[in-house]
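Observations on the model geometry
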Amino acid sequence: MDYSSTFQDNIPSSMFNSTAHNVLGWINENRDTFDWAKDPNAYEMANLFLFGAKYRQEGKDVDVDTLTKMWDIRFHDFEGCNITENNFVYAICQDAYQSMISGKSMVNDENSHHALRKMAGLGLFLKQQQRDNGTISYNNPQELLQLLQCSHSLKTFHPELFDRYAFKENIDVLCKLQLEHQLPNEIISSIKTFQDEISTNYPKRSLDSSEKNFERDFH
């Protein structure tokens, strides 16, 4: 079943293969010409692979060859953003791709789907900042509030994924970066409330060199 028509960046099953083909075409046309096009779009890739896995599981036609060609190009490009295979950004995209290949969807609810693609996208965004500017900053409170709400769904319905990609620790870093900026009191309160809800009944883990999170990379 297709997600609701209001779902952000929704790709209906009837448009999925043409969308994937167009994205691959854009990559092939631009990545060797423009430096900025050499960076992968983690949000877009995760979104496509998650939809591909969902539709394959539902028995719908999915152009696996096009998505495979996309991954075969882009998985090399993460290195240019200083993202290794041990980083959660790479892990989300790779796992979503493998899910598409297997035809077994990682998630089936819109909020969890968004949490995964958005966390991958933000992780890449901060890595690009770090590479290009030597510093990182984040200031998009509405985007963060949406991520916090969707991450709560991921924790509820897919706790193994919430843990695998270190969502709790990554969210703590994003909230810290956002709260460094001046905000209305009601926004600050909402951020802290959602953050506390995500932390409730979630044990604090000790971090080590194998963690796939912002904490290791940016603290």
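Notes on the structure follow. (Residues numbered from 1 in each chain as written. Predicted model: local features only at pLDDT ≥ 70, side-chain atom pairs only at ≥ 80, totals over all residues. Heavy atoms only, no water.)

This paragraph deals with the pattern of salt bridges. Inspection of every chain in the model, using the stated rule, returns 14 salt bridges. One salt bridge in this structure joins D32 and R31, with 3.3 Å as the shortest N-O distance. Residue classification places D32 among the exposed positions, given a relative accessible area of 61%. R31 gets classed as buried once you look at its relative accessible area, which sits at 18%. Taken together, the salt bridges that share partners define one network made up of D2, K54, E58 and K60. (Salt bridge = Lys/Arg side-chain N within 4 Å of Asp/Glu carboxyl O. Buried < 20%, exposed > 50% of the residue type's maximum accessible area, 1.4 Å probe, protein only.)

For an α-helix, the turn length of 3.6 residues means that residues three or four places apart are oriented alike. Look at helix α4 (residues 88-102): 20 Å from first C-alpha to last across 15 residues, which is about the 21 Å you get at 1.5 Å a residue. Among all positions of α4, only F88, V89, Y90, A91, I92, C93, D95, A96, Y97, S99 and M100 are buried. In the stretch just after α4, G103 is the one whose phi turns positive, near 75°. (Helix = DSSP H or I, 4+ residues; strand = E, 2+ residues; numbered from the N terminus. Expected span 1.5 Å × (residues − 1).)

Of note in this structure, D9 is not a glycine but carries a positive phi near 55°. Examined against the element boundaries, D9 turns out to sit in the segment before α1 (13-30). D9 sits in the partly exposed class, given a relative accessible area of 40%. One non-glycine residue, N82, lies in the positive phi region at around 60°. For N82, a relative accessible area of 45% translates into the label partly exposed.

For the rest of this paragraph, the subject is α1. Given a rise of 1.5 Å per residue, 18 residues ought to cover 26 Å, and the 26 Å separating the end C-alpha atoms of α1 matches this to within 8%. Where α1 is buried, its residues touch α2 (42-57) and α3 (64-74). (Contact = heavy atoms within 4.5 Å.)

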